[in-house]
Amino acid sequence: MGTGFNFDLMSLIRTAFKQVERGETVHKNITGDIRIYLPGEEVVTIKIIQDAFDQLISSKLKEIAEMDNPEEKIDKLMDELPSIIEESTEESSGVIFNSMISNIENLYSENKKEQRDYCELIESKWGQALSLLHGIIVMSTEISTDLLDRLNEEKFDPQELEIYSVLLKLQSRAVLISKEIISLVENGYPDGALARWRSLHENVVIFTLLRKNIKDTTFTLELIGRFMDYSLIEEWKFARKLSAEKVKKGYFKDLTETREKIFKKYGDNFKEANMWALPLFPTKKKIFFSDLEAKAELNNLNIYYSQANTQVHTSPMGMYESLSLQDKVDQKSFYLFGSSFYGNALPIQLTGISLTQISTALLSINPNIDDIIAMKVIMKFNDMCNETSDQIRSEMKPK
């Protein structure tokens, strides 16, 4: 809906008085041009909105037209103006709302059709790279389900099952996040896809650290135990923010007692972020995510992680450095409200890399011949996905 109220109010009111005194009708453009956009129709001027305002203005003018002092006339109308505007806009908003509600299904259908058309355009540009990323996602899903079958069918030591259950949970979550990313890319939202990759990268970093000393079962179980216990600290922090009626009776008390037991076990500094990883950093008093990245040997992706942060949090860089726009576009003066077929290469490549990293790392714990073959296949897919994305990006650069 577009509205225009660009007018000199006092000048128009004075003109309106003269019209009333001459017995003329108040000019119907006193409120400017008000339009509503309905699906499948041309831009419609809502005449009833203007008429309602005109009638109210005219009636008020006629009520005070008999007054002798012109300035009093103006003052009187100015005093009445807020109620006039309130009354007319309330009636007008009802008209517009009812018109839109009666057409809401058509509006939704038209928007869906526009999005489908755009998805087809994105598919025509990025289809090959998206197909390769989809292949990586499918193989990673099969890796998860095959391992689950093996865990159920074969005999594993209880400690091995505990380790595998946590690592498999992280890998399956990575698959899910990757599916969310590819959905965003297919619909033309590369900035959103990059923001979601940030979570995928964090997932892979944590997986890598928990798996890092996998041959040392005692150490790995301790680290996983600390990681799982830290989830209770996070739960306590969340529960503390809930209103009393949303917390079950005794729940917060029990959680607080569990929290205190955890602090006795690990120390009070366990409440700080990332302190579950202290066995990997025995001399550190504070552990930052960049430390986790470096220990996982994934800090080569930190530049992209930092870039993704600008899309997760509202920042000037995130506002003016969108992947969705071409390099030659002045982003400070361009406003994007919808999909784009630019900028997909980076989220596609990063997602392929991260999902390949976590899936091959899971397979490599205790690999058989099939696992080794699967690792090689998924890495070949990832290499081709990177090359294809680069090629498409190069072809789309303005000449």
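Each value, and the rule that gives it
- Residues numbered from 1 in each chain as written.
- Predicted model: local features only at pLDDT ≥ 70, side-chain atom pairs only at ≥ 80, totals over all residues.
- Heavy atoms only, no water.
- Helix = DSSP H or I, 4+ residues; strand = E, 2+ residues; numbered from the N terminus.
- Buried < 20%, exposed > 50% of the residue type's maximum accessible area, 1.4 Å probe, protein only.
- Areas by Shrake-Rupley, 256 points an atom, 1.4 Å probe, with all protein chains shown as cover.
- Patch = residues over 30% accessible without salt bridge, like charges linked within 9 Å, V, L, I, M, F, W, Y side chains within 5 Å.
- Salt bridge = Lys/Arg side-chain N within 4 Å of Asp/Glu carboxyl O.
- Core = buried A, V, L, I, M, F, W, Y, C linked by side-chain atoms within 4.5 Å.
- Contact = heavy atoms within 4.5 Å.
- Lys, Arg positive; Asp, Glu negative; His and termini not counted.
- Charge placed at Lys NZ, Arg CZ, Asp CG, Glu CD.
- Expected span 1.5 Å × (residues − 1).
- Polar contact = N/O pair within 3.5 Å; in protein donor to acceptor, adjacent residues only side chain to side chain.
- Axes fitted to C-alpha atoms, helices over the stretch in contact; angles between N-to-C directions.
- Parallel < 35°, antiparallel > 145°, perpendicular 65-115°, else oblique.
- Left-handed = near helix turned anticlockwise from the far one by under 90°.
- Nonpolar A, V, L, I, M, F, W, Y, C, P; charged D, E, K, R; others polar.
- Phe/Tyr/Trp six-rings, centres within 6.5 Å; stacked < 30°, edge-to-face > 60°.

Draft legend 1. Quick look at the overall build of the protein. Scanning the protein from N- to C-terminus turns up 13 helices and three strands. For the protein, buried positions account for 41% of its 399 residues. Accessible area for the protein stands at about 23,300 Å²; split by element, carbon and sulfur atoms hold 53% of it.

Draft legend 2. Main features of unusual backbone geometry. For Asn274, which is not glycine, the phi torsion reads 70° and is therefore positive. The backbone of Glu297 sits at a positive phi, close to 60°, despite the residue not being glycine. One can find Glu297 in the loop between α9 (289-295) and α10 (302-312).

Draft legend 3. Expanded view of a nonpolar patch on the surface. On the surface, Ile369, Ile372, Ile373 and Val377 cluster together into a nonpolar patch covering about 330 Å² of accessible area. As for its position among the elements, Ile373 is in helix α13 (residues 369-396).

Draft legend 4. Fine view of the nonpolar core. Trp126, Trp197, Leu210, Trp276 and Leu292 are the most contacted members of the largest nonpolar core, which has 76 residues in total. Those residues within four positions of Trp197 in sequence are excluded, and the remaining contacts are Ile181, Leu301, Tyr304, Tyr305, Ala308, Leu350, Thr351 and Ser354.

Draft legend 5. Examining a positive patch on the surface more closely. On the surface, Lys237, Arg240, Lys241 and Lys271 cluster together into a positively charged patch. Mapped onto the secondary structure, Lys271 falls in the loop between α8 (251-266) and α9. A relative accessible area of 38% means that Lys271 is categorised as partly exposed.

Draft legend 6. Spatial organisation of helix α5 (residues 158-186). When the terminal C-alpha atoms of α5 are compared, their 42 Å separation across 29 residues agrees well with the 42 Å that a helix rising 1.5 Å per residue should span. Two or three places before Gln159, at the start of α5, stands the capping residue Asp157, its side-chain oxygen 2.8 Å from that residue's backbone nitrogen. Within two residues after α5, Gly188 carries a phi angle of roughly 90°, on the positive side.

Draft legend 7. Highlighting a negative patch on the surface. Together, Glu142, Asp146, Asp149, Glu153, Glu154 and Asp370 give the surface a local cluster of negative charge. Residue contributions to the negative patch peak at four residues, all from helix α4 (residues 104-153). Along the chain, the position of Glu154 falls in the loop between α4 and α5.

Draft legend 8. Structural detail: the side chain of Thr356. Structurally, Thr356 is set in helix α12 (residues 345-363). Residue classification places Thr356 among the buried residues on the basis of a relative accessible area of 5%. Not counting the four nearest positions on each side in its chain, Thr356 is found in contact with Ile136, Ile378, Met379 and Asn382.

Draft legend 9. Here's a closer look at the packing of α4 against α13. Packing of α4 against α13 leaves a shortest axis separation of 8 Å and a crossing angle of 160°. Taken together, α4 and α13 sit at an angle that is classed as roughly antiparallel. The handedness of the crossing between α4 and α13 is left-handed. Only Asp371, Val377, Ile378, Phe381, Asn382, Met384, Cys385, Thr388, Ser389, Ile392, Arg393 and Met396 of α13 make contact with α4, whose side of the interface consists of Lys125, Trp126, Gln128, Ala129, Leu132, Leu133, Gly135, Ile136, Met139, Ser140, Ile143 and Arg150. The residue inventory of the contact of α4 with α13, partitioned by class, reads 14 nonpolar, six polar and four charged.

Draft legend 10. Structural detail: the packing of aromatic side chains. Applying the stated criterion across every chain, the model contains eight aromatic pairs. Seen from their ring centres, Trp236 and Phe252 are 5.8 Å apart, and the 25° between their planes marks the pair as stacked. Of this pair, Trp236 sits in helix α7 (residues 217-241) while Phe252 sits in helix α8; the two residues are 16 residues apart in sequence, bridging distant segments of the chain. Arranged with centres 4.8 Å apart and planes meeting at 35°, the rings of Phe341 and Tyr342 form a pair that is tilted. By relative accessible area, Phe341 is classed as buried at 16%. Among the aromatic side chains, those forming a connected cluster through ring pairs are Tyr118, Phe341 and Tyr342.

Draft legend 11. Fine view of the side chain of Ser178. One can find Ser178 in helix α5. The exposure class assigned to Ser178 is buried, which follows from its relative accessible area of 0%. Here the side chain of Ser178 touches Ala174 through a polar contact of 2.8 Å, landing on its backbone oxygen. Those residues in contact with Ser178, other than ones at most four positions away along the chain, are Ile137, Leu200, Thr351 and Leu355.

Draft legend 12. Structural context of the packing of α5 against α7. Two numbers describe how α5 lies on α7: the axes approach to 10 Å, and their chain directions differ by 50°. With respect to α7, the axis of α5 lies oblique. α5 and α7 meet at a crossing whose hand is left-handed. Touching Gln159, Glu162, Ile163 and Val166 of α5 are Thr217, Thr220, Leu221, Ile224 and Met228, all from α7. Class assignment of the residues belonging to the contact of α5 with α7 gives a composition of five nonpolar, three polar and one charged.

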